[in-house]
Amino acid sequence: ISWVYLSATGRRLPGESTRTMISCGTGITKEELQPGDICIRLGDMPHAVMFLGWTETGQMLCVQETSGDINNVEVGIVKPDWPYYRRLVE
């Protein structure tokens, strides 16, 4: 997410870890999600994904980092039950 933001805007995010991205941008609701917004989960398994759109079954299509050593970014489908949604670019 940090790399995409830097590439698109030429600026770094004020927080680049999952835990610090929670204060970046503007809080939005799930219903307000637009491509490029981020979804964040904290706790034991913190994770952040970038929203791309909705699937026909109501799941979220997103870009996310995986645990692989190389080529560790994927486009995948996740459930839409994230506790935090943020808009980084207005």
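Values in this document were obtained by computation on a predicted structure and should not be read as measured data.

Conventions adopted
Going along each chain's sequence as written, the residues are numbered from 1 onward. Only residues with pLDDT of at least 70 get local features here, since the model is predicted, and only at 80 or more are side-chain atom pairs given and counted; chain-wide, interface and lining totals rely on the full set of residues. The side-chain quantities take in all heavy atoms of the structure and omit both hydrogens and water. DSSP bridges decide pairing: two strands pair if at least two such bridges lie between them. What counts as a helix is a DSSP run of H or I of at least four residues, what counts as a strand is a run of E of at least two, and both are numbered from the N terminus. Definitions used for this entry: grid spacing 1 Å over protein atoms alone; cavity, a set of points where a 1.4 Å probe fits but cannot get out; pocket, an open set with protein on both sides within 12 Å along at least 5 of 7 lines; lining residue, one with an atom within 4 Å of a point. Grid points are joined across faces, edges and corners, and a volume is the space filled by probe spheres set on the points. Lys, Arg, Asp and Glu make up the charged group, whereas Ala, Val, Leu, Ile, Met, Phe, Trp, Tyr, Cys and Pro make up the nonpolar group; the residues left over, Gly among them, are polar.

S.K.: Mind showing me how you'd approach the pairing of strand β6 (residues 84-87) here?
M.R.: On a regular strand, one side chain projects to one face of the sheet and the next to the other, so that they alternate. Here strand β1 (residues 26-27) runs beside β6; their pairing, made up of two bridges, is antiparallel. Residue pairing across strands places Gly 27 opposite Arg 86, the latter belonging to β6. Summarising the sheet, strand β2 (residues 38-41) and β6 pair through three bridges and their orientation is antiparallel. Following the sheet pairing, Ile 38 is matched in β6 by Arg 86.

S.K.: Just to check I follow, could you spell out the layout of surface pockets for this structure?
M.R.: In this approach a probe as big as a water molecule rolls over the atoms, and the regions it shows empty are the leftover space. Within this model, the largest pocket holds a volume of roughly 350 Å³. Counting only elements with at least two residues in the lining of the largest pocket, the list comes to α1 (2-9), α2 (18-21), β3 (47-54) and β4 (60-65). Tallied by class, residues from the lining of the largest pocket come to nine nonpolar, five polar and two charged.

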